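Spelled out from the first residue to the last, the chains are:
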Amino acid sequence: MREQTMDKSAETKAFLIAEGGVDIDERILGRITTPASGPGAGLTSFFLRFNGHRVRLGIKHSSRLKASLEGDEVVIRDHEKEIVRGYLEDAIAHCPEQAYITVSEVCIFDCQYCPVPLLGGSVKDQSDVETAISRILADPKLARKLRAIALTSGVEESPQREVERVAAMIRILRAKYDLPIGVAVYPTQNSTKLLKEAGADEIKYNVETMDRQLFETMCPGLSLDFVLQALKDAVEIFGRNKVFSNILVGLGEDDQSIINGMQDLIKMGVIPILRAVVEHPLRSQTRMRRPSAERLLRLARKERALLDQCGLRADVAETMCAACTGCDLMPHRDV
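Scoring rules and cut-offs
Residues numbered from 1 in each chain as written. Predicted model: local features only at pLDDT ≥ 70, side-chain atom pairs only at ≥ 80, totals over all residues. Heavy atoms only, no water. Pairing = 2+ DSSP bridges. Helix = DSSP H or I, 4+ residues; strand = E, 2+ residues; numbered from the N terminus. Contact = heavy atoms within 4.5 Å. Axes fitted to C-alpha atoms, helices over the stretch in contact; angles between N-to-C directions. Expected span 1.5 Å × (residues − 1). Buried < 20%, exposed > 50% of the residue type's maximum accessible area, 1.4 Å probe, protein only. Polar contact = N/O pair within 3.5 Å; in protein donor to acceptor, adjacent residues only side chain to side chain. Salt bridge = Lys/Arg side-chain N within 4 Å of Asp/Glu carboxyl O. Right-handed = clockwise from strand over helix to strand, strands pointing away.

Novice: Tell me what's going on with the sheet that holds strand E10 (residues 181-184), and back it up with residues and numbers.
Specialist: Pairing in this open sheet of seven strands is mixed, and the strands run E7-E8-E9-E10-E11-E12-E13 from one edge to the other. Strand pairing shows two members of the sheet lacking a second neighbour, strand E7 (94-95) and strand E13 (271-276), which therefore form its edges. Sheet analysis places E10 next to strand E11 (residues 202-204), joined by three bridges and oriented parallel. From the neighbouring strand, Val183 faces E11, where its bridge partner is Ile203. Sitting on the sheet, helix H8 (residues 224-238) touches E11 and strand E12 (243-249), and the angle it makes with E12 is about 145°.

Here's what the structure looks like:
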């Protein structure tokens, strides 16, 4: 019975991720969040907790899904049919339970799925990062919930300069806070060593797609082989269950491409994170299409089987996306 309930809840979460957003009166929400990095940058959203799952939902007033507050529960309906009821979660900084901070909200690269280069965001220094964490710790309610620190970043000047800046920040944060620290940046020749020595506990280098033709089209000027080598090196330095990589679902690839890519990463000791693409208005010229719930479930269950075969566990993650789970169906947590 418990497995059946879990399966049903996973199906509900897959449906919500596939829909991407709900129509909700923002006045009933607590801390809403506007991501400054990744395909969903610039779009407002909130977090809902239900049946042991967490999902991040965009605020989308044109959605067929309508959310309302009943008592202390948020209820989401598709017309008159109740889809789910759950509880709002505060986003401490970007997501619940983590000070997840984007250092550079700009990028010199022009990946075709990502709006960051078009948004003209800000660039944080050490003082900005420490101030953000201090504000969290100054709020007793948020401080009690803080479980980790995570830094992610675009590329302001060059990948090497970005890695050096982030490593310097982590070194100071490690000396001040007894919390797990995760980091997600574009790799360089020495980034893994620098970030580990600075005090990072977990690391994420995103391949985005393992379809080589798509990678060349979507990520002009970047090298998939370079990222893959960096991931291999990261497993040697950080260890198994400590290295992660996003694979976007919906760029135009087929399932077999994703499955083959997952197999390659998992054999290295890397845990893939299957991320549904966001059809961002600033990237409307691309072929991106939000994947269906059925596709997301099928691929997540396949990933779970592949991870189990290789003895990897996604649910031991302490930082970043694999610990949050709001945007993705995570093996060992959701499926």
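More follows now that the structure is in view.
Novice: How would you summarise the sheet that holds strand E1 (residues 21-22) if you had to cite specific residues and measurements?
Specialist: Here we have six strands laid out as an open sheet, ordered E1-E3-E2-E6-E5-E4, and mixed in their pairing. Strands with a single pairing partner mark the edges of an open sheet, and in this sheet they are E1 and strand E4 (65-70). Here two bridges tie E1 to strand E3 (residues 53-59), and the two strands are oriented parallel to one another. If you follow Gly21 over to E3, its bridge partner there is Gly58.

Novice: How would you sum up helix H9 (residues 255-268)? Please name residues and give values.
Specialist: The end-to-end C-alpha distance of H9 is 20 Å, a good match for the 20 Å that 14 residues give at a rise of 1.5 Å each. Those residues of H9 lying buried are Asp255, Ser257, Ile258, Ile259, Gly261, Met262, Leu265 and Ile266. In this structure, the buried residues of H9 make contact with H8, E12, E13 and helix H10 (293-310). After H9 finishes, the residue Gly269 shows a positive phi value of roughly 105°.

Novice: Which residues make up the side chain of Glu130, and what values go with them?
Specialist: Topologically, Glu130 is positioned in helix H3 (residues 126-138). For Glu130, a relative accessible area of 17% gives the class buried. A distance of 2.7 Å separates the side chain of Glu130 from the side chain of Lys176, its partner in a polar contact. Not counting residues up to four positions away in its chain, the partners in contact with Glu130 are Ile172, Leu173, Lys176 and Tyr177.

Novice: A description of the side chain of Ser245 should follow, citing residues and the corresponding values.
Specialist: Along the chain, the position of Ser245 falls in strand E12. Here Ser245 is in contact with Lys204, Tyr205, Asn206, Val207, Leu231, Leu265, Val270, Ile271, Pro272 and Ile273, once residues within four sequence places are set aside.

Novice: Can you lay out the environment of Ile108 for me, pointing to particular residues and giving the numbers?
Specialist: Tracing the backbone shows Ile108 in the loop between strand E8 (98-102) and helix H2 (116-119). A C-alpha to C-alpha distance of 36 Å links Ile108 and Asp25, two positions 83 residues apart in sequence. Not counting chain neighbours up to four residues away, the residues in contact with Ile108 comprise Val155, Glu156, Glu157 and Ser158.

Novice: So, the pattern of salt bridges: which residues are in play, and what are the values?
Specialist: Within the structure shown, the criterion is met by 26 salt bridges. Measuring nitrogen to oxygen at the nearest pair gives 2.8 Å for the salt bridge that ties Lys13 to Asp334. Of this pair, Lys13 sits in helix H1 (residues 2-19) while Asp334 sits in the segment after helix H11 (320-324), and the two are 321 residues apart along the sequence. Judged by relative accessible area, which is 0%, Lys13 ranks as buried. For Asp334, a relative accessible area of 2% corresponds to the buried category. The salt bridge partner of Glu70 is Arg85, with a shortest N-O separation of 3.4 Å. With Glu70 in strand E4 and Arg85 in strand E6 (residues 81-89), the pair connects residues that are 15 residues apart, well separated along the chain.

Novice: Can you explain the pairing of E12? Please cite residues and give values.
Specialist: Taken across its seven residues, E12 has seven buried, putting it largely inside the fold. Every second residue of E12 is oriented toward a common face, with Val243, Ser245, Ile247 and Val249 on one face and Phe244, Asn246 and Leu248 on the other, all of them buried. Pairing analysis gives two bridges linking E11 to E12, with the strands arranged parallel. Bridge pairing links Lys204 to Phe244 in E12. When E12 meets E13, the two strands line up parallel, connected through six bridges. By the bridge assignment for E13, Ile247 is matched with Leu274. What joins E12 to E13 is H9, and the crossover it makes is right-handed.

Novice: Can you explain helix H5 (residues 159-176)? Please cite residues and give values.
Specialist: Over its 18 residues, H5 extends 26 Å from the first C-alpha to the last, a length consistent with the 26 Å expected when each residue adds 1.5 Å. Tucked into the core, H5 has its buried residues touching H3, strand E9 (148-152), E10 and helix H6 (191-198).

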